[in-house]
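What follows is each chain in one-letter form.
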Amino acid sequence: MNQTLAYLREALANYADRHHALAIHLYKKLISKPYKNEEQFVRDLSQKEAAFFRSYAASRNEICKRRTRRCSCLSFKRSV
């Protein structure tokens with residue numbers, strides 16, 4: 001698993017702790033399949049999962065920007 005997917009797995013695990021059903025589902029999906037990179041993971045998302053992930057990534061980026069000016073934030077590009 002590459003570094004971006006490892007970060008995503010950790011972030012989703014933290015969010016899933018708050019009992020958000022889609023976060024839990026995406027976390028389980030991420031750990032159950034051998035994705036080589038984030039593009040492979042994103043291509044495997046349903047429309048509902050992708051919509052949640054876009055919203056989640058946007059909120060994580062806002063938090064990241066507030067905490068530090070120089071950070072590596074999540075990006076989401078659905079390439080089909």
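Please read all numbers here as calculations on a predicted model, not as lab measurements.

### Some points on the overall build of the protein
Right, on to step 1. Tallying secondary structure elements over the protein gives four helices and zero strands in all.
Right, on to step 2. Counting helices and strands in the order they occur from the N terminus, the protein gives α-α-α-α.
Right, on to step 3. Taken across its 80 residues, the protein has 30% of its residues classed as buried.
Right, on to step 4. Of the accessible surface of the protein, which amounts to about 5800 Å², a share of 48% is contributed by carbon and sulfur atoms.

### Thoughts on the packing of aromatic side chains
Right, on to step 1. Taken as a whole and judged by the stated rule, the model has four aromatic pairs.
Right, on to step 2. Consider the rings of Y35 and F41, whose centres lie 5.2 Å apart with planes at 80°: the pair is edge-to-face.
Right, on to step 3. Take Y35: its relative accessible area is 8%, and that puts it in the buried class.
Right, on to step 4. The class for F41 is buried, based on a relative accessible area of 0%.

### A few points about the environment of L12
Right, on to step 1. Tracing the backbone shows L12 in helix α1 (residues 3-16).
Right, on to step 2. Given the relative accessible area of 0%, L12 is considered buried.
Right, on to step 3. Spatially, the C-alpha atoms of L12 and Y56 are 9.2 Å apart, while their sequence positions differ by 44 residues.
Right, on to step 4. Setting aside its immediate chain neighbours within four residues, L12 contacts A23, L26, Y27, L30 and Y56.

Calculation rules
Each residue is numbered by its place in its chain's sequence as written, counting from 1. In view of the model being predicted, local features appear only for residues whose pLDDT reaches at least 70, and side-chain atom pairs are presented and counted only at 80 or more, with totals across whole chains, interfaces and linings using the full set of residues. Only hydrogens and water are set aside; all other atoms, that is, all heavy atoms of the structure, feed into the side-chain values. Each helix is a run of DSSP H or I of at least 4 residues and each strand a run of E of at least 2, with the numbering of both proceeding from the N terminus. The cut-offs for exposure are 20% and 50% of the maximum accessible area for each residue type, with area from a 1.4 Å probe on protein chains only; residues under the lower value are buried, those over the upper are exposed, and the others partly exposed. For the accessible areas, the method is Shrake-Rupley and the probe is 1.4 Å, while residue cover comes only from the protein chains on display. Only Phe, Tyr and Trp rings are paired, with Trp represented by its six-membered ring, and only when their centres lie within 6.5 Å; those with planes under 30 degrees apart are stacked, over 60 edge-to-face, the remainder tilted. Here a residue-residue contact requires only that any non-hydrogen atoms of the pair lie within 4.5 Å.

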